[in-house]
Amino acid sequence: MADIPLVGQAAPILVLSRLVTPEFDALDLARMLAQYGYRGRYLALVDRLPDAKLIRREVAAQSPGINFDVIILDGSSPLHSL
């Protein structure tokens, strides 16, 4: 990701990832995005999650400048009602 501009006009407006992968999790990626000055939206996708609020709070605590949310793909996420 060091080659991708995360600030300025060439920066993406949205970063999308799985909540957990074998290489990283959303907390890792949010910290890296904050470190590089990213100011767009970051969404993490997960199939099921018992408490998305816990993840949101943890990311907000560790990377307060990141506009983060979790999208739960089981249909319970508010995104599915749009």
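Because the structure is a prediction, the values reported are computed rather than measured.

**Q** Help me understand the nonpolar core in this model?
**A** In a soluble, globular protein the nonpolar side chains are often hidden away together inside. Membership of the largest hydrophobic core comes to 17 residues, with the highest contact counts inside it found for Leu33, Tyr42 and Phe68. Of all the secondary-structure elements, those providing two or more residues to this core are helix H1 (26–35), strand E2 (41–46), helix H2 (52–62) and strand E3 (67–72). Excluding its chain neighbours within four sequence positions, the residues that come into contact with Phe68 are Ala26, Tyr42, Ala44, Ile55, Arg56 and Val59.

**Q** Looking at this model, I keep getting lost on the sheet that holds E2. Mind explaining?
**A** The pairing of strands in a sheet comes from backbone hydrogen bonds and takes either a parallel or an antiparallel form. A sheet is described by the order of its strands in space; here 3 strands give the open sequence E1-E2-E3, paired in parallel fashion. The strands lining the two open edges of the sheet, one partner per strand, are strand E1 (14–18) and E3. Looking at each pair of strands side by side, their axes are set apart by 20 degrees on average, direction ignored. Pairing between E1 and E2: 5 bridges, direction parallel. Residue pairing in the sheet places Val15 in a bridge with Tyr42 of E2. Sheet strands touched by H1: E1, E2 and E3. Its angle to E2, the strand with the most contacts, is close to 170 degrees.

Conventions used here
Residues numbered from 1 in each chain as written. Predicted model: local features only at pLDDT ≥ 70, side-chain atom pairs only at ≥ 80, totals over all residues. Heavy atoms only, no water. Core = buried A, V, L, I, M, F, W, Y, C linked by side-chain atoms within 4.5 Å. Buried < 20%, exposed > 50% of the residue type's maximum accessible area, 1.4 Å probe, protein only. Helix = DSSP H or I, 4+ residues; strand = E, 2+ residues; numbered from the N terminus. Contact = heavy atoms within 4.5 Å. Pairing = 2+ DSSP bridges. Axes fitted to C-alpha atoms, helices over the stretch in contact; angles between N-to-C directions.

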